[in-house]
Amino acid sequence: MQKPTVRAFFDEDTATWSYVIWSETGAQKRCAIIDSVLNFDLPSCTSSTRSADIIIDFIKEKQLAVEWILETHIHADHLTAAHYLKERLGGKIAISKHILTIIATWVPIFQTQDDTSLDGSQFDHLFDNDEKFTVGDMQAQILHTPGHTPADTTYVIGDAVFVGDTIFLPDVGSGRCDFPGGSAEHSYDSSRRLFALPDDYRVYVGHDYPPENRRGPQCMCTIGEQKKLNVRLHLGIGKEDFVRQRQREDTGKSVPPLLLPSIQANLRNGQFGQEIAGTQFVKLPVNKL
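All values reported here derive from a predicted model rather than from experimental measurement. (Residues numbered from 1 in each chain as written. Predicted model: local features only at pLDDT ≥ 70, side-chain atom pairs only at ≥ 80, totals over all residues. Heavy atoms only, no water.)

Peer 1: Can you walk me through the overall build of the protein chain in this structure?
Peer 2: Check the secondary structure of the protein chain and you find 7 helices and 16 strands. Taken over the C-alpha trace, the protein chain has a radius of gyration of 18 Å; the compact-globule value for 289 residues is 19 Å, and the two agree within 12%. With respect to the principal axes defined by its C-alpha atoms, the protein chain has extents near 55 × 50 × 35 Å. Within the protein chain, buried positions represent 56% of all 289 residues. Accessible area for the protein chain stands at about 12600 Å²; split by element, carbon and sulfur atoms hold 50% of it. (Helix = DSSP H or I, 4+ residues; strand = E, 2+ residues; numbered from the N terminus. Rg over C-alpha atoms; globule rule 2.2 N^0.38 Å. Buried < 20%, exposed > 50% of the residue type's maximum accessible area, 1.4 Å probe, protein only. Areas by Shrake-Rupley, 256 points an atom, 1.4 Å probe, with all protein chains shown as cover.)

The following block contains the structure:
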């Protein structure tokens, strides 16, 4: 099994992990970027490229060629830097075909049909379920792992598994399931699909929220550790118990602070609706969520 090299980048403001993945054996050293961050200040409604520029500097230092800019899902807690990264590094922006469900749900809420393509053409590629692809000389595959949202996707690249918000580190558990189209039942089923992978596969999470500050941010464990130790989803927990706990804890939960700008921008792969005097604005919804 191929073992890609993975470099993780942590955005403290949103507790988001972004990744650069490549093979040291490939002749051209092609890479993929997963779940990038465009920094956004909500009070001033302005963005910056601080986190993305760190990734750009790293890729240039390593002399990597960007092949893919991948999204595990449409994030509600941070803005993607996919469009910015493509402008500066090239590569194809890709996401699951189930993005079309998310577009159909959220565009009417935000009334952004005039500047958000409804057919997903703002992305360079929409992955089919279980689609296989390559990153340089490495074999990769898509796994549709819904629950957190209907469109959540896991990327399996060699022995590295990038799960987004499908599952978190064992002492954190799993992503919330109360967004439109989310499903605790599907979240449980997706965890079992992940658990069918080999125990020694490396699991890289999309966020980390260390419980009670008992440790610093971490990004990786193994499938075997998840199966034994995940506080919400280990193999000893049945589906009904998981669903009951997930629904109880998600009921009345506050929305992420950056939900309004994040979803709007991310449905456009990181582009904004308009720019005025260097300050980037997004529309607020006329309808209530």
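Peer 1: Would you take a moment to explain the sheet that holds strand β9 (residues 132-135) for this structure?
Peer 2: Backbone hydrogen bonds hold the strands of a sheet together, and the pairing may be parallel or antiparallel. Taken in spatial order, the 6 strands make up an open sheet running β9-β10-β11-β12-β13-β14, and their pairing is mixed. Two strands bound the open sheet, and with one partner strand each, they are β9 and β14 (220-222). The mean inter-strand angle of the sheet, taken between neighbouring strand axes irrespective of direction, is 30°. Strand direction decides the pairing type here: β9 and strand β10 (residues 138-144), joined by 4 bridges, are antiparallel. Of the residues in β10, the one forming a bridge with Phe133 is Ala140. The strands that helix α4 (residues 184-195) touches are β10, β11 (153-157) and β12 (160-164); relative to β10, the one it contacts most, it runs at about 155°. (Pairing = 2+ DSSP bridges. Axes fitted to C-alpha atoms, helices over the stretch in contact; angles between N-to-C directions. Contact = heavy atoms within 4.5 Å.)

Peer 1: How do you make sense of the packing of α4 against helix α6 (residues 239-250) when you look at a structure like this?
Peer 2: Packed helices, taken two at a time, are described by the angle their axes make and the gap between the axes. The geometry of α4 relative to α6 is characterised by a closest axis approach of 9 Å and an angle of 130° between their N-to-C directions. Between α4 and α6, the interaxial angle falls into the category oblique. Crossing angle aside, the handedness with which α4 passes α6 is right-handed. Residue-level inspection shows Ala184, Glu185, Ser187, Tyr188 and Asp189 of α4 in contact with α6, the latter providing Lys239, Phe242, Val243, Arg246 and Gln247. Residues belonging to the contact of α4 with α6 are distributed by class as follows: 4 nonpolar, 2 polar and 4 charged. (Parallel < 35°, antiparallel > 145°, perpendicular 65-115°, else oblique. Left-handed = near helix turned anticlockwise from the far one by under 90°. Nonpolar A, V, L, I, M, F, W, Y, C, P; charged D, E, K, R; others polar.)

Peer 1: What is the right way to read the side chain of Thr80 from this model?
Peer 2: As for its position among the elements, Thr80 is in the loop between β6 (65-70) and α2 (82-89). Side-chain polar atoms of Thr80 contact the side chain of Ser36, separated by 3.4 Å. A distance of 2.4 Å separates polar atoms of two side chains, one belonging to Thr80 and the other to Glu71. Among residues more than four places away in sequence, those in contact with Thr80 are Ser36, Leu38, Glu71, Asn266, Asn269 and Gly270. (Polar contact = N/O pair within 3.5 Å; in protein donor to acceptor, adjacent residues only side chain to side chain.)

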